Amino acid sequence: MPEQGSTGSLKKIGIIALVVALAIVAWGLFSRWHHDQQLATWTDAQAEPAVSLIRPTDMAKGDGLTLPGTLQAYNSAPIFARTNGYVRRWLVDIGDHVNAGQVLAILDAPEVDQQLAAARADLQTARANQDLARSTAARWSNLLSKDAVSKQEADEKQGDLKAKTAAANAAAADVARLSATQGFTRLVAPFSGTITSRSTQIGQLVSAGTAGSVPLFTVSDISRIRIYVRVPQNYSGQIRVGMPVTMTLPEYPGRTFTAALTRTADAVDPASGTVLVELQAANGDRALKPGSYAQVSFPLHGSAGAVELPASALIVGQNGTQVALLGPDNKAIIRAVTVGRDNGATVEITAGLSPNDRVIDSPPDSLQAGDKVRIAPSAPAGKKPDATK
């Protein structure tokens, strides 16, 4: 009896061991299958990148066009020396207001003074010779009337008078030229304005007509200011003379200046695709400075059909500028677009998109046309809301 009980116990233990072994094998097979399923799911997920969508913004009803502008004086004249000499005195400095004809500096030109003295002496000699030739010609004319001399001799005296007269005129012209040159030793302001530069010192040697010479002074009329702006061709059709504009300068935060469009070049620069326009603004308080940078706002609408996109949505490559769109069945569509104005964080798209297109923001570099994508569950912080709604 004890032997039969031991045999039954061994059978039970064997059966239990077999069941446990089968369970372990089954669990191993299930774990492997589950791992394969997870790997397949992960692979499929990686094959379909998650993307966020944005809608292009219609610019047809934009808040205007803002462009950079360069300020220049209404009139500006660099003052150069017209004669060689040394600076004896300079009478004005930067920031001084001067009137038309006011003396800015005085030069010493001893060579010109000596040349003028010699020219005046030559003029006196030429006039003395002219007077002698005139009296001689008159005498020979009287003698000719009495048949005391030949006509040939009388004509020679008249010709000598004409030659002496021409020499006297030439000497007088030389005196006038040197007198004008001597007058250039006094540098004067051509118009009323402000001294915006001075590059001379007492005793400095100045030479007239030398290449690369620096102006001794610059006189600028800043009672009015000219502003030059390059307007993109897409907006040039809305530009009109007399159009009021506003502008801001970085040194005056919160202050707005008004100006008026006075003229346009009416020609597109082929290098930049822009039209140069000129504006003018009053500058009674001298707040506007020549050479400054300004942001000029035109009361214009956006180009017809133009939309705005974040710059991150663009794909720039050997095929030009493109964007990725979400097509049917969540497949990507690559479309070429035309970029208008670049605003930094955003760009204007003038052709290739409409406000109803669903654009993929920050598309993966490996994204190709026809690739399937999945829409991210929520837009990242700072991005526009999901455009699928």
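Everything numeric here is computed off the predicted structure, so don't read it as measured data. (Residues numbered from 1 in each chain as written. Predicted model: local features only at pLDDT ≥ 70, side-chain atom pairs only at ≥ 80, totals over all residues. Heavy atoms only, no water.)

Student: So what exactly am I meant to see when it comes to the overall build of the chain here?
Tutor: Helix and strand counts for the chain come out as four helices and 22 strands. In the chain, which comprises 389 residues, the share counted as buried stands at 31%. Taking the contacts inside the chain whose residues are at least 6 apart along the sequence as the reference set, 76% of them involve residues at least 24 apart. With the model as given, the accessible surface of the chain reaches about 23,000 Å², and the carbon-plus-sulfur share is 55%. (Helix = DSSP H or I, 4+ residues; strand = E, 2+ residues; numbered from the N terminus. Buried < 20%, exposed > 50% of the residue type's maximum accessible area, 1.4 Å probe, protein only. Contact = heavy atoms within 4.5 Å. Areas by Shrake-Rupley, 256 points an atom, 1.4 Å probe, with all protein chains shown as cover.)

Student: Explanation requested: the confidence of the model for the chain in the structure shown.
Tutor: Residues shown with low pLDDT carry predicted positions that ought not to be read at fine detail. For the chain, per-residue confidence averages 83 on the pLDDT scale, and residues scoring 70 or more make up 89% of the total. Here residues 379-389 scores under 50 on pLDDT; set against residues more than four positions off or in separate chains, the count is 21 contacts. (pLDDT = per-residue confidence, 0-100.)

Student: Looking at this structure, how should I read the packing of aromatic side chains?
Tutor: In this description, a pair of aromatic rings is defined by centroid distance and the angle of the planes. Inspection of every chain in the model, using the stated rule, returns one aromatic pair. With a centroid separation of 5.8 Å and an interplanar angle of 65°, the aromatic rings of Tyr 252 and Phe 257 are classed as edge-to-face. Geometry around Tyr 74 places Arg 226 over its ring, the cationic atom sitting 4.2 Å from the centre. The positively charged end of Arg 255 is found above the aromatic ring belonging to Tyr 252, 5.6 Å away from the centroid. (Phe/Tyr/Trp six-rings, centres within 6.5 Å; stacked < 30°, edge-to-face > 60°. Lys NZ or Arg CZ within 6 Å of the ring centre and 35° of its normal.)

Student: Looking at this model, I keep getting lost on the sheet that holds strand β6 (residues 103-108). Mind explaining?
Tutor: Strand-to-strand pairing in sheets goes through backbone hydrogen bonds, with the strands running parallel or antiparallel. Taken in spatial order, the four strands line up as β7-β6-β4-β9 in an open sheet, and their pairing is antiparallel. Each edge of the open sheet is held by one strand with a lone partner, namely β7 (186-188) and β9 (205-206). Pairing geometry for strand β4 (residues 85-90) and β6, over four bridges, is antiparallel. Bridged to Trp 90 within β6 is Ala 105. (Pairing = 2+ DSSP bridges.)

Student: Just checking my understanding: could you explain the sheet that holds strand β20 (residues 346-351) for this structure?
Tutor: Read across the sheet, four strands follow the order β2-β15-β20-β19 without closing on themselves; strand pairing throughout is antiparallel. Bordering the open sheet on either side are β2 (57-58) and β19 (338-342), each of which pairs with just one other strand. Across four bridges, the pairing between strand β15 (residues 307-310) and β20 is antiparallel. Bridge assignment links Val 307 to a residue of β20, and that residue is Ile 349.

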